[in-house]
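Structural overview
Residue strings, one per chain:
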Amino acid sequence: MDLNNKLQEVSKLFRIEHKYVDYETIQVGNVNKTYKVNFIRADGSPKSYLIQNVNTYAFRNPEGLMDNIDKVTEYIRKKKPGQTALHFHHTAERSTYVQDGENFWRLTNYVPSVTYNVVNDLDIVHNAGAAFGDFQRCLSDFNSNELIETIPDFHNTRQRYEQFCTAISEDKAGRVAEVQEEIDFLLAVKEQACKMTDMQLTGKLPLRVTHNDTKINNVLFSPDTNKPLVIIDLDTVMPGLLGHDFGDAIRFAANYEEEDSKNLENVGLNLEVFRAFTEGFLSETLEFMTKEEIETLPLSCFVLAVELATRFLADYLNGDLYFNIRYPEHNLDRTKCQVALAKDMLTKMNDMEKIICDYCSGFGK
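Below you will find a few notes about this structure. (Residues numbered from 1 in each chain as written. Predicted model: local features only at pLDDT ≥ 70, side-chain atom pairs only at ≥ 80, totals over all residues. Heavy atoms only, no water.)

Our focus in this paragraph is the sheet that holds strand β2 (residues 33-40). Strand order in the open sheet formed by five strands is β1-β2-β3-β5-β4, and the pairing between neighbours is antiparallel. Every other strand in the sheet has two partners, leaving β1 (19-26) and β4 (98-100) as the edge strands with one partner each. On average, each strand axis in the sheet is inclined to that of its neighbour by 30°, with strand direction left out of account. The sheet contact formed by β4 and strand β5 (residues 103-109) spans three bridges and is antiparallel. The residue of β5 that forms the bridge with Val98 is Trp105. (Pairing = 2+ DSSP bridges. Helix = DSSP H or I, 4+ residues; strand = E, 2+ residues; numbered from the N terminus. Axes fitted to C-alpha atoms, helices over the stretch in contact; angles between N-to-C directions.)

As structure tokens, then:
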């Protein structure tokens with residue numbers, strides 16, 4: 001069965017009865033396959049949905065993943081009645097997913113919007129920070145024990161390093177010799193990168209409900225006002241550290257280059273973008289954050305850049321099994337970019353600390 005027929009079949013299982021027109025492949029995203037599926041309603045007006053084929057290699061418990069998403073999206077919708085929100089459609093059996101052999105399908109509403117990978121408008125950056133902060137605030141009283149770990153040890157940096165070292169020792173794709181410089185750097189900063197994981201394990205940092213993939217292109221903005229509409233890509237919503245959400249957002253949004261850029265001489269932390277996002281984020285989260293959470297925000301940016309570098313490089317050494325790639329060296333380019341960013345973050349750690357300290361002092365923190 002070709003993809004057109006398959007998408008029509010999946011749509012009918014989710015009780016979409018409009019006339020099918022066509023589909024468009026959405027290129028954003030490294031893990032799942034996403035399609036915008038277009039229909040014509042009975043009155044002649046257009047209507048679109050998003051259908052995703054979930055990567056069950058990356059997500060070994062997709063049923064639990066969808067249970068997490070259903071709980072979190074419904075919780076947020078109840079707190080924000082009448083506002084734009086994600087809604088995952090159900091089958092006649094009230095399931096939020098359809099399994100078809102190795103395929104795992106889901107369908108959600110399509111929100112007309114714009115997204116950004118690299119942003120120069122500091123107002124948009126501030127709005128993105130506030131959007132992710134608002135997401136955290138809405139879920140600050142949600143019981144994280146109700147959620148499973150969709151990817152066990154997702155931000156357990158020590159576990160990520162173990163996987164990285166295994167990839168080095170096994171050298172399945174025969175690539176270790178060409179990446180020794182990147183390997184040496186990542187091993188040299190291991191203890192610093194693992195500090196937040198160690199703090200959580202000893203009770204110094206609390207677990208919260210976190211998004212765990214806070215790239216700015218996971219915020220949908222209004223094309224007219226650039227105000228945030230909704231946060232998407234909730235596959236990794238689970239218990240985690242608030243700093244992981246903050247750090248991942250910064251390492252993505254505040255880099256002068258995109259996360260797979262080959263222009264390494266331009267890679268670095270834009271402190272103005274850091275300031276704008278931080279002030280937006282803290283405007284929604286500062287009132288419930290602990291002292292230790294605030295203090296580790298600058299470190300979290302470095303931690304996430306390094307952790308992601310170990311993941312990209314491990315995948316490259318394993319033969320590119322996890323992340324979608326567009327060319328053979330894609331994961332290697334991603335690795336080099338994150339390493340360059342992490343190095344620049346080390347030189348700007350004091351600057352980041354001052355920006356956070358200055359903002360917090362205005363609120364007596």
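Moving on from the model shown.
According to the stated counting rule, one finds 14 aromatic pairs in the structure shown. Judged by centre distance (6.5 Å) and plane angle (45°), the ring pair of Phe132 and Phe277 falls under tilted. Taken together, the residues Phe132 in helix α3 (residues 122-138) and Phe277 in helix α9 (residues 271-285) connect sequence positions 145 residues apart. Across this residue pair, the class does not change: Phe132 and Phe277 are buried. A ring pair is formed by Phe246 and Phe281, whose centres lie 5.4 Å apart and whose planes are at 55°; its orientation type is tilted. Placement of the pair is Phe246 in helix α8 (residues 242-253) and Phe281 in helix α9, with a sequence separation of 35 residues. Here Phe246 and Phe281 have matching classes, each one buried. Through a chain of ring-to-ring contacts, three or more aromatic side chains come together here, namely Phe132, Phe246, Phe274, Phe277 and Phe281. Sitting above the plane of the Tyr57 ring, Arg60 keeps its charged end 4.6 Å from the centroid. (Phe/Tyr/Trp six-rings, centres within 6.5 Å; stacked < 30°, edge-to-face > 60°. Buried < 20%, exposed > 50% of the residue type's maximum accessible area, 1.4 Å probe, protein only. Lys NZ or Arg CZ within 6 Å of the ring centre and 35° of its normal.)

So, about the pairing of β5. When you tally the buried positions in β5, you get six out of seven residues, the bulk of the element. Alignment of strand β3 (residues 46-53) against β5, held across five bridges, turns out to be antiparallel. Paired with Tyr49 across the strands is Asn109, a residue of β5. Turn length for the β4-β5 hairpin, with the two strands adjacent in sequence and antiparallel, is two residues, and the turn residue Gly101 shows positive phi of about 65°.

This brings us to the nonpolar core. Of all hydrophobic cores here, the largest spans 101 residues; its most connected members are Leu186, Ile250, Phe277, Leu282, Leu313 and Met345. In terms of residue count, the dominant contributor to this core is helix α11 (residues 297-318) (15 residues). Among residues more than four places away in sequence, those in contact with Ile250 are Asn255, Leu269, Phe274, Phe277, Thr278, Cys301 and Met345. One finds Ile16, Tyr49, Ile51 and Trp105 within the second-largest nonpolar core, a separate group that totals 13 residues. (Core = buried A, V, L, I, M, F, W, Y, C linked by side-chain atoms within 4.5 Å. Contact = heavy atoms within 4.5 Å.)

Within this structure, the stated rule accounts for 22 salt bridges. Among the ionic pairs, Asp67 bridges to Lys71, the shortest N-O distance being 3.1 Å. Taken together, the positions of Asp67 and Lys71, both in helix α2 (residues 62-79) and four residues apart, correspond to about one turn of that helix. The exposure class assigned to Asp67 is partly exposed, which follows from its relative accessible area of 36%. With its nearest N and O atoms 3.0 Å apart, the salt bridge here joins Arg77 to Glu74. On the criterion of helical spacing, the pair formed by Arg77 and Glu74 is a turn pair, its members being three residues apart in helix α2. The partly exposed category is assigned to Glu74, whose relative accessible area is 28%. Beyond isolated ion pairs, a larger network of salt bridges with shared partners links Lys80, Asp134, Arg137 and Glu284. (Salt bridge = Lys/Arg side-chain N within 4 Å of Asp/Glu carboxyl O.)

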